[in-house]
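# Structure assessment
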Amino acid sequence: MAAIRSKDTKPEMIVRRGLWKRGFRYRLNHKRLPGHPDLVLRKYRTCIFINGCFWHGHLVDSKTMESSACCKIPTTNQDFWVAKIRRNKERDKEEQRKLAEMGWHCITVWECELKSSKREETLESLAFTLNHIWLQNHGAKTVQYPKMEEESENYLKAAE
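Throughout what follows, the structure given in this document is the object of discussion. Being a predicted model, the structure only gives us computed values, none of them experimental. (Residues numbered from 1 in each chain as written. Predicted model: local features only at pLDDT ≥ 70, side-chain atom pairs only at ≥ 80, totals over all residues. Heavy atoms only, no water.)

## Points about the side chain of N51
Relative to the helices and strands, N51 resides in strand β3 (residues 46–51). A residue is classified by how much of its surface remains accessible, and N51, at 7% relative accessible area, is buried. (Helix = DSSP H or I, 4+ residues; strand = E, 2+ residues; numbered from the N terminus. Buried < 20%, exposed > 50% of the residue type's maximum accessible area, 1.4 Å probe, protein only.)

Written out as structure tokens, the structure is:
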């Protein structure tokens, strides 16, 4: 397990390039925050965790530890792996709870969401969420538009 990379993984690089291309700026692996988030966007008070499906138990039932399509638990030494993945999931929840108490938003991007068929949709969704968070934090007010009938009458008067 020492050979497993924790930084600069392929899914992380995909998200980093996608966010940078869309104009978002971030810091990597902030040491002072709980859980050392993969990406920290201070302007948005948001931490992004890019999780591997296997290591963080994506779509695995916490109680029964039944596998899914993107996360298969090995058949050899199964008790060890079940305990390890359960501890990882509990630790992730605790770290996100601490960050929420500190006023940070947490977003988790799963490795299976970055496959080529879903990649652009996931990155667009992430950008939309970050923009929504920024607008929510900065007190943007919703704009009230006039009704369609009034608008068309005013437009016709202006055309005459």
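## Looking at the nonpolar core
In terms of nonpolar packing, the biggest core is built from 18 residues, with V15, L19, I48, V109, L126 and L130 touching the most fellow members. Taken together, the elements giving at least two residues each to this core come down to α1 (10–21), β2 (39–41), β3, β4 (105–110) and α3 (119–137). At 5 residues, the largest contribution of residues to this core is made by α3. Each residue touching L126, except ones within four places of it in the same chain, is listed here: V15, L19, I48, I107 and V109. Membership of the second largest hydrophobic core comes to 6 residues, among which are V40, C47, F49 and W104. (Core = buried A, V, L, I, M, F, W, Y, C linked by side-chain atoms within 4.5 Å. Contact = heavy atoms within 4.5 Å.)

## So, α1
Helix length check: α1, at 12 residues, gives a terminal C-alpha distance of 16 Å against a target of 16 Å (1.5 Å per residue), a fit within 8%. Among the residues of α1, P11, E12, I14, V15, R16, G18 and L19 are the ones counted as buried. Of the surrounding secondary structure, the elements contacted by the buried residues of α1 are β1 (27–28), β2, β3, β4 and α3. Directly after α1, the chain includes G23, whose backbone phi takes a positive value near 95 degrees. (Expected span 1.5 Å × (residues − 1).)

## Details of the pairing of β3
With 6 of 6 residues buried, β3 lies mostly within the body of the structure. Burial along β3 is two-sided: T46, I48 and I50 facing one way and C47, F49 and N51 facing the other are all buried. Across 3 bridges, the pairing between β2 and β3 is antiparallel. What sits directly across from L41, in β3, is T46. The turn linking β2 back onto β3 is made up of 4 residues, and R45 within it adopts a positive phi angle of 50 degrees. Alignment of β3 against β4, held across 6 bridges, turns out to be parallel. Opposite N51, over in β4, you have W110 as the bridge partner. (Pairing = 2+ DSSP bridges.)

## Observations regarding the sheet that holds β4
Read from one edge of the open sheet, 4 strands run β1-β2-β3-β4, paired in mixed fashion. Edge positions in the sheet fall to β1 and β4, since each of these pairs with one other strand and no more. Running at roughly 170 degrees to β3, helix α2 (residues 78–101) makes contact with β3 and β4 of the sheet. Seen against the sheet, α3 touches β2, β3 and β4 and runs at an angle of roughly 175 degrees to β4. (Axes fitted to C-alpha atoms, helices over the stretch in contact; angles between N-to-C directions.)

## Concerning the packing of aromatic side chains
One pass over the full model with this rule turns up 6 aromatic pairs. Three or more aromatic residues joined by ring pairs make a cluster, and in this case those are F54, W55, F80 and W81. We note R25 situated over the ring of W20; from NZ or CZ to the ring centre the distance is 3.7 Å. R45 extends its terminal NZ or CZ atom over the ring of W104, reaching a point 4.5 Å from the ring centre. (Phe/Tyr/Trp six-rings, centres within 6.5 Å; stacked < 30°, edge-to-face > 60°. Lys NZ or Arg CZ within 6 Å of the ring centre and 35° of its normal.)

## Focus on the pattern of salt bridges
Inspection of every chain in the model, using the stated rule, returns 6 salt bridges. For R97, the salt bridge identified is with E94, shortest N-O distance 2.2 Å. In this pair, R97 and E94 both sit in helix α2, 3 residues apart, roughly one turn of the helix. Of the residues examined, R97 reaches a relative accessible area of 38% and is grouped as partly exposed. (Salt bridge = Lys/Arg side-chain N within 4 Å of Asp/Glu carboxyl O.)

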